Amino acid sequence: MPIKPSELILNPDGSIYHLNLKPQDIGNIIIFVGDQDRVSQVTKHFDSIDFETQKREFKTQTGLFKGKRITVISTGIGTDNIDIVLNELDALVNIDFGTRTVKKKLKTLDIIRIGTTGAIQNDIPLDSFLISTHALDLVGMLHAYHIETISNSSLEDTFIAHTNWDKNRARPIVIEGSNTLIDKFKSAQTYQGLTATASGFYGPQGRTLRLPISNRSLNKNMESFSFDNTRITNLEMETSGIYGLAKLFGHRAISLNAIIANRPNGTFSSNPKATVEKLITYTLERI
Ligand code: R1P
């Protein structure tokens, strides 16, 4: 049965609805950045760029880097955008747009997030790099899918008990990154840990400007949580969506984080752009 036009939405030129991309426009290695301006911060290192487009916050450039065809896409902020980007990227490689049917032979993409984050452990310094071995979803978007096969219920239950997790909020979900990619990108320069993905930047990450938050001890309880020698290292807003959907679709994903804030110390990087630039170079050297 062909997938209906209301479900798989194609633009008049045959490109997919939000990303504005056709299947030939992307490589098998995809780099995600949050900010549109970071796309060219990555591709300025490429040998050539053969494609670019932008719709809304989704800016894409594809080109060659040391003989590999790599696509860089800005996802904007949040796992709601990640739902769009992952579904449309998978459709580009695994759905035949002509027949609107799923292809027999499925393709696997390598998805690499280069993003920024705040450490929640005071020994993780500003301007360091951190690889998310796992993501801890505090958002809920993934509950729209069958996550039973990819989640870790014993870790989740321990986290729920440790933090007195509010029963009115979505159940947290823990998902692993790709061990193949983690082995490829880890080094003496990288910290590793469990990355918590929040549904917002202020209250959902325990920041108070004017509005009081409902659970003032959540960050402290996250800081003291540990399970099988794994601790929660940082907070950001995309990794769980990327790890969850990549696993469900059969793609490989890794989240590489530039630590630009340290929450327990209350400090912020004096030059976050330079730290992101270093993480971009670090990533491209190992790709
Ligand atoms: C918030 O300022 C944004 O920065 C972090 C968060 O995950 C959120 O997207 O990541 P990026 O710098 O990769 O966008």
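This is a predicted model, so every value here is computed, not measured.

Participant: I tried to follow the site of the ligand on my own but got confused; where do I start?
Facilitator: Lining the immediate environment of the ligand, one finds G34, R38, I77, R113, G115, T116, F201, E236, M237 and E238. In this structure, R38 approaches the ligand through a side-chain N or O atom, which is 2.8 Å from an oxygen atom. At 2.9 Å from an oxygen atom of the ligand is found a main-chain nitrogen or oxygen belonging to M237. Here the ligand, which alone exposes 350 Å², has 84% of that area covered by the protein. Of the domains in this structure, domain 1 (1–107) and domain 2 (114–287) are the two that each give at least three residues to the shell around the ligand.

Participant: Could you clarify how one ought to interpret the UniProt feature "domain: Nucleoside phosphorylase" (unreviewed entry) in the chain in this entry?
Facilitator: Under the present numbering, the feature "domain: Nucleoside phosphorylase" (unreviewed entry) in UniProt falls on residues 29–263. Secondary structure across residues 29–263 divides into 25% helix and 35% strand, with the first and last C-alpha atoms of the span separated by 32 Å.

Participant: What is the right way to read the domain arrangement of the chain from this model?
Facilitator: Bring the parts together and some accessible area is lost; that lost area is often taken as the interface size. For the chain, the assigned domains are domain 1 (1–107) and domain 2 (114–287). The C-alpha-based centres of domain 1 and domain 2 are spaced at 24 Å. Contact residues are listed per partner, giving 26 residues for domain 1 and 22 residues for domain 2. Buried area between domain 1 and domain 2, both sides added, is near 2,100 Å², and the carbon and sulfur share of it is 65%. Taken together, domain 1 and domain 2 are joined by one salt bridge. The residue E277 makes a salt bridge to K44 at a minimum N-O spacing of 2.8 Å. Counting across the domain 1 and domain 2 interface gives 10 residue pairs in polar contact (both at pLDDT 80 or more). Going through the elements one at a time, β1 (29–33), α1 (37–43), β4 (68–74) and α2 (79–94) are the ones with two or more residues in the side of domain 1 that touches domain 2. When residues of the side of domain 1 that touches domain 2 are assigned to their parent elements, the largest contribution, eight residues, is made by α2. Partitioning the side of domain 1 that touches domain 2 into residue classes produces 12 nonpolar, eight polar and six charged.

Definitions and limits used
Residues numbered from 1 in each chain as written. Predicted model: local features only at pLDDT ≥ 70, side-chain atom pairs only at ≥ 80, totals over all residues. Heavy atoms only, no water. Near = heavy atom within 4 Å. Polar contact = N/O pair within 3.5 Å; in protein donor to acceptor, adjacent residues only side chain to side chain. Areas by Shrake-Rupley, 256 points an atom, 1.4 Å probe, with all protein chains shown as cover. Domains from an automatic or database assignment. UniProt positions renumbered as here; feature names shortened; annotations may be inferred. Helix = DSSP H or I, 4+ residues; strand = E, 2+ residues; numbered from the N terminus. Contact = heavy atoms within 4.5 Å. Buried area = accessible area lost by both parts, 1.4 Å probe. Salt bridge = Lys/Arg side-chain N within 4 Å of Asp/Glu carboxyl O. Nonpolar A, V, L, I, M, F, W, Y, C, P; charged D, E, K, R; others polar.

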